[in-house]
Amino acid sequence: MGGGSWATALAKICLINPDRQINWYMRRDSQIEAIMRTRHNPSYLSSVSFDTSRIHFSSDINEVVRDSDLLIFATPSPYLKSHLEKLKRSLRSKIVVSAIKGIVPEENVIVSEYFRTKYGVPENNLMVIGGPCHAEEVAQQRLSYLTIGGTDMKLTQWFANTITSNYIKATINEDVFGIEYASVLKNVYAIAAGICHGLKYGDNFQAVLMCNAAQEMNRFITAVSDTPRSIDDSVYLGDLLVTGYSHYSRNHTFGTLIGDGYSVKQAQMEMEMIAEGYYGTKCMKEINAERKVDMPILDSVYNILYGKISPMVEIKLLTEKMH
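Note that this is a predicted model, so its numbers are computed, not measured.

Asks: Explain the overall build of the protein to me, using residue names and the numbers behind them.
Replies: The helix and strand inventory of the protein stands at 15 helices and 9 strands. Taken over C-alpha atoms, the radius of gyration comes to 19 Å for the protein, in line with the 20 Å a tight globule of 323 residues would show. The buried share of the protein, taken over its 323 residues, is 55%. Total accessible area on the protein stands at roughly 14500 Å², and carbon and sulfur atoms take up 48% of it. Treating the 33 positive side-chain charges of the protein as one cloud and the 35 negative ones as another, the clouds have centres 3 Å apart.

See the structure below:
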């Protein structure tokens, strides 16, 4: 469900088994027609070739839901509600997998919780995909590790086995809330890292920033979920590091533009893809208004993006809180 780079990478993963066929929902018929004609997604990961005889494309979300037992949602979080508003069919009997690393805007809930409360999907039928896994490297078949979160361990292990290949390793974890919140927060921290990069802070400070970000992430996740976890597992720390450092990271790129002096609107116009962390920052700030967890990095990014505080001034204040 989705036509972007992550959805394209996941479609490639799901088609690793030569006997498998998939349904693929995209919003735009023009994009579907282009893939059918060229066997490539023209807008995202265009190097990936698809055997389109194994794919049923549709711009009708109800048709795809009707014909599918398992649904993998990979749309940007700001657009999820608008896609689901077209949905007339029930999701209660479906297995729903969220590959969305964001919060549902305005609702301020993680995606799995939104499907459970709004669409009645049973908790045991919900899974999430996390871990350090850039779509661009999946397209190049570079070794990548995913973590599948779910409460039904048998179902979760089955899905992990389904997407495992010679370049995708998948493990399971029951910490659904922790995985989802970590996926949101690492985007916020990647923006912070990008801002500091734009301001010409060096690698020494970036290492300190990432250490403090991991501690801040752990404080918040521990406050919202008592599921046992180790923050240095790849689904938490690994995803934080790759998003904070990689040149593929759109959130880091967005932050770098802000640090370079671009306004938020200018930075958004400069980028071709959505920086989820921009929306996640506001949602997490509002969520934490109730939790009151000590989150100085989140606060600084919020002040820069939404309070219009000078990045130079705000980051200088943040450096005094680092250790």
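Let us keep going from here.
Asks: Outline the packing of aromatic side chains, listing residues and values.
Replies: Scanning all chains against the criterion turns up 13 aromatic pairs. With a centroid separation of 4.7 Å and 45° between ring planes, the pair formed by Phe 73 and Phe 115 is classed as tilted. Taken together, the residues span a long stretch of sequence, with Phe 73 in strand E3 (residues 70–73) and Phe 115 in helix H5 (residues 111–119) at a distance of 42 residues. Between Phe 115 and Tyr 119, the ring centres sit 6.2 Å apart and the planes meet at 50°, which makes this aromatic pair tilted. With a gap of 4 residues between them, Phe 115 and Tyr 119 both fall in helix H5, about one helical turn apart.

Asks: So what's going on with helix H1 (residues 5–14)? Residues and values would help.
Replies: Burial of H1 is extensive: 10 of the 10 residues sit out of reach of the surface. When H1 is considered as a whole, its buried residues turn out to be Ser 5, Trp 6, Ala 7, Thr 8, Ala 9, Leu 10, Ala 11, Lys 12, Ile 13 and Cys 14.

Asks: Give me the lowdown on the pattern of salt bridges, citing residues and values where you can.
Replies: Under the definition given, this model contains 13 salt bridges. A salt bridge links Asp 67 to Arg 66, with the nearest nitrogen and oxygen atoms 2.8 Å apart. Look at Asp 67 and you get partly exposed, because its relative accessible area is 38%. Residue Arg 66 is classed as partly exposed on the basis of its relative accessible area of 46%. Of the charged contacts in the structure, one is a salt bridge between Glu 106 and Lys 81, with a shortest N-O distance of 3.4 Å. Remark: Lys 81 occurs in helix H4 (residues 77–84) and Glu 106 occurs in the loop between strand E5 (103–104) and strand E6 (109–110); sequence separation between them is 25 residues. By relative accessible area, Lys 81 is classed as buried at 18%. Ionic contacts of the salt-bridge type, sharing partners, join the residues Lys 81, Glu 106 and Glu 107 into one network.

Asks: Summarise the pairing of strand E9 (residues 168–173); cite the residues concerned and give the values.
Replies: Sheet analysis places strand E8 (residues 144–150) next to E9, joined by 6 bridges and oriented parallel. Bridging from a neighbouring strand, Thr 147 pairs with Thr 171 of E9. Following the backbone out of E8, through helix H7 (residues 153–163) and into the adjacent parallel E9, one traces a crossover that is right-handed.

Asks: Break down the layout of surface pockets for me, with residues and values.
Replies: The space that makes up the largest pocket amounts to roughly 980 Å³. Around the largest pocket, the lining comprises 44 residues; the ones closest to its centre are Ser 5, Pro 76, Arg 250, Ile 274 and Glu 276. For the lining of the largest pocket, the secondary-structure elements that each account for two or more residues are H1, H4, helix H6 (135–139), helix H8 (176–198), helix H10 (234–245), helix H11 (250–259) and helix H13 (276–291). Residue classes in the lining of the largest pocket are distributed as 21 nonpolar, 14 polar and 9 charged. The space that makes up the second largest pocket amounts to roughly 580 Å³.

Asks: Before we move on, can you summarise the sheet that holds strand E7 (residues 126–130) with the specific residues and values?
Replies: Here we have 5 strands laid out as an open sheet, ordered E3-E4-E7-E8-E9, and mixed in their pairing. Unpaired on one side and paired on the other, E3 and E9 mark the two borders of the sheet. This sheet shows a mean twist of 25° between the axes of neighbouring strands, independent of strand direction. Sheet contacts for H5: E3, strand E4 (95–98) and E7; angle to E7, the most-contacted strand, approximately 165°.

Asks: Residue-level account of a nonpolar patch on the surface, with values.
Replies: Together, Ile 309, Val 313 and Leu 317 line one region of the surface with nonpolar side chains, adding up to about 240 Å² of accessible area. Mapped onto the secondary structure, Val 313 falls in helix H15 (residues 311–319). Looking at Val 313, the relative accessible area reads 46%, which means it is partly exposed.

Asks: Quick one: what's the story with the pairing of strand E2 (residues 55–58), residue by residue and with numbers?
Replies: Note that strand E1 (residues 22–25) and E2 share 4 bridges and pair parallel. Pairing of Tyr 25 across the sheet is with Ser 58, part of E2. Tracing the backbone out of E1, into helix H2 (residues 29–38) and back to the parallel element E2 gives a crossover that is right-handed.

How each quantity is defined
Residues numbered from 1 in each chain as written. Predicted model: local features only at pLDDT ≥ 70, side-chain atom pairs only at ≥ 80, totals over all residues. Heavy atoms only, no water. Helix = DSSP H or I, 4+ residues; strand = E, 2+ residues; numbered from the N terminus. Rg over C-alpha atoms; globule rule 2.2 N^0.38 Å. Buried < 20%, exposed > 50% of the residue type's maximum accessible area, 1.4 Å probe, protein only. Areas by Shrake-Rupley, 256 points an atom, 1.4 Å probe, with all protein chains shown as cover. Lys, Arg positive; Asp, Glu negative; His and termini not counted. Charge placed at Lys NZ, Arg CZ, Asp CG, Glu CD. Phe/Tyr/Trp six-rings, centres within 6.5 Å; stacked < 30°, edge-to-face > 60°. Salt bridge = Lys/Arg side-chain N within 4 Å of Asp/Glu carboxyl O. Pairing = 2+ DSSP bridges. Right-handed = clockwise from strand over helix to strand, strands pointing away. 1 Å grid on protein atoms, 1.4 Å probe; cavity = no way out; pocket = protein on both sides within 12 Å on 5 of 7 lines; lining within 4 Å. Points joined across faces, edges and corners; volume = space filled by probe spheres on them. Nonpolar A, V, L, I, M, F, W, Y, C, P; charged D, E, K, R; others polar. Axes fitted to C-alpha atoms, helices over the stretch in contact; angles between N-to-C directions. Contact = heavy atoms within 4.5 Å. Patch = residues over 30% accessible without salt bridge, like charges linked within 9 Å, V, L, I, M, F, W, Y side chains within 5 Å.

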